[in-house]
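Here is how the chains run, residue by residue.
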Amino acid sequence: AQTVTQSQPEMSVQEAETVTLSCTYDTSESDYYLFWYKQPPSRQMILVIRQEAYKQQNATENRFSVNFQKAAKSFSLKISDSQLGDAAMYFCAYRRDHNMDSNYQLIWGAGTKLIIKP
Amino acid sequence: GAVVSQHPSWVICKSGTSVKIECRSLDFQATTMFWYRQFPKQSLMLMATSNEGSKATYEQGVEKDKFLINHASLTLSTLTVTSAHPEDSSFYICSARGQRYQPQHFGDGTRLSIL
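Residues numbered from 1 in each chain as written. Chains lettered and ligands numbered in written order. Predicted model: local features only at pLDDT ≥ 70, side-chain atom pairs only at ≥ 80, totals over all residues. Heavy atoms only, no water.

### Thoughts on the state of the cysteines
To keep it simple, the criterion reads: A pair of sulfur atoms, both from cysteines and within 2.5 Å, is called a disulfide here. Strands are runs of DSSP state E lasting at least two residues, helices are runs of H or I lasting at least four, and both sets are numbered from the N terminus onward. Categorising residues by exposure relies on relative accessible area from a 1.4 Å probe, with only protein chains included: less than 20% of the type maximum marks a residue as buried, more than 50% marks it as exposed, and the intermediate range marks it as partly exposed.
One pass over the full model with this rule turns up two disulfides over all chains. Each sulfur of the disulfide joining Cys23(A) and Cys92(A) lies 2.0 Å from the other. Its S-S torsion of about -70° marks the bond between Cys23(A) and Cys92(A) as left-handed, since a negative value means left-handed. Of this pair, Cys23(A) sits in the loop between β3 (19-21) and β4 (24-26) while Cys92(A) sits in strand β10 (residues 88-96), and the two are 69 residues apart along the sequence. Each member of the pair, Cys23(A) as well as Cys92(A), is classed as buried. The disulfide partner of Cys23(B) is Cys94(B), and the S-S distance across this bridge is 2.0 Å. Between Cys23(B) and Cys94(B) the disulfide shows an S-S torsion of about 80°. By sign, it is right-handed. On the criterion of sequence distance, the pair formed by Cys23(B) in strand β3 (residues 19-25) and Cys94(B) in strand β9 (residues 90-97) is long-range, its members being 71 residues apart. Left without a disulfide partner, Cys13(B) is nearest to the cysteine sulfur of Cys94(B), which lies 18 Å away. Note on Cys13(B): relative accessible area 11%, which makes it buried.

This is the structure we're talking about:
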């Protein structure tokens, strides 16, 4: 069974600095998707970035980028120029990409609480 | 685009009451909808997956008679917590997905408090 591990329960960073959140996963599949979701205090889940396993190029979205190491099964999220609005819980998630699995459920990590220091 | 509306956002009711939560995809057709439960400071726990027009698939340990899910159209799914008790108090979140390769988009969640 697939598992997702976020080993950092909490991280803090000074405003305008860069922070990296770690995520590792375990799977025997070769085709899958990885996601980072953000959950601010309002508790809405917001998609931050996603990566297709077959793509070697790391995904980027403005200040957010990932370091996808497929062989190491690592998928870290880098936030550059941290802003106060980035304070939230960040969840890493895995989704298999298999023809027989039409529901494509997400497997979730435990989350990392990111604190931004002004 | 890809907006999911969940209603109500907060409900307080007496023990024994049944509560219905609605999840709507506003600008896309949701082939699949997911219902999650989230305890404080924890990750999301998948309760069930529903596809339009078919019965929901419940995760192990989730009582299907307690948590009734209906996915009657491509834009609406409902979760009914029947005869709710204080232990059912939690934060419930729905998500919806269009085509198979598209990501899940989440509603704002419903805080359910049973007195």
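### Looking at the interface of chain A and chain B
Let me state the cut-off plainly: Only heavy atoms matter for contacts: two residues are in contact if any of them lie within 4.5 Å across the pair. Defined here as a combined quantity, buried area equals the accessible surface (1.4 Å probe) lost by two parts on assembly, summed across both. Salt bridges are counted wherever a side-chain nitrogen of Lys or Arg sits within 4 Å of a carboxyl oxygen of Asp or Glu. N or O atoms within 3.5 Å of each other form a polar contact, as long as, within protein, one can give a hydrogen and the other can take it, and as long as residues adjacent in sequence are counted only when both atoms are side-chain atoms.
Counting residues at the interface gives 23 residues for chain A and 23 residues for chain B. Carbon and sulfur atoms make up 45% of the surface buried where chain A meets chain B, a total of about 1900 Å² over both sides. Inspection of the region where chain A meets chain B yields zero salt bridges. Where chain A meets chain B, there are eight residue pairs in polar contact (both at pLDDT 80 or more). Those elements giving two or more residues to the side of chain A that touches chain B turn out to be β5 (32-39), β6 (46-52), β10 and β11 (106-108) of chain A.

### Examining the packing of aromatic side chains
Two descriptors summarise a pair of aromatic rings, namely the distance from one centre to the other and the angle between the planes of the rings. Worth spelling out the cut-off: Centres within 6.5 Å are what make two rings of Phe, Tyr or Trp a pair, Trp counting through its six-membered ring; a difference in plane orientation under 30 degrees is then read as stacked, over 60 as edge-to-face, and the rest as tilted. Note on geometry: a ring has a charge over it if NZ (lysine) or CZ (arginine) is within 6 Å of the ring centre and within 35 degrees of the ring normal.
This structure, assessed with the given rule, holds 14 aromatic pairs over all chains. Seen from their ring centres, Tyr32(A) and Tyr94(A) are 5.2 Å apart, and the 35° between their planes marks the pair as tilted. One end of the pair, Tyr32(A), is in strand β5; the other, Tyr94(A), is in strand β10, and 62 residues separate them in sequence. Judged by its relative accessible area of 1%, Tyr94(A) falls in the buried class. On the numbers, 6.2 Å between centres and 25° between planes, the contact of Trp36(A) with Phe75(A) is stacked. With a gap of 39 residues between them, Trp36(A) in strand β5 and Phe75(A) in strand β9 (residues 74-79) connect regions that are remote in the sequence. Of the two residues examined, Trp36(A) and Phe75(A), each falls in the buried class. Taken together, the ring pairs connect Tyr33(A), Phe35(A), Tyr37(A), Phe91(A), Trp108(A), Tyr36(B) and Phe106(B) into an aromatic cluster. Arg43(A) extends its terminal NZ or CZ atom over the ring of Phe91(B), reaching a point 3.9 Å from the ring centre.

### Considering the pattern of salt bridges
Residues and elements named next belong to chain A. Across all of its chains, the model carries six salt bridges over all chains by this definition. Across the pair Glu29 and Arg96 runs a salt bridge whose closest N-O atoms are separated by 3.1 Å. In this pair, Glu29 sits in the loop between β4 and β5 while Arg96 sits in strand β10, placing the two residues 67 residues apart along the sequence. Residue class for Glu29 comes out partly exposed when judged on its relative accessible area of 23%. Among the ionic pairs, Asp86 bridges to Arg63, the shortest N-O distance being 2.8 Å. Here Asp86 is found in the loop between β9 and β10, whereas its partner Arg63 is found in the loop between β7 (60-61) and β8 (64-69), with 23 residues between them in sequence.

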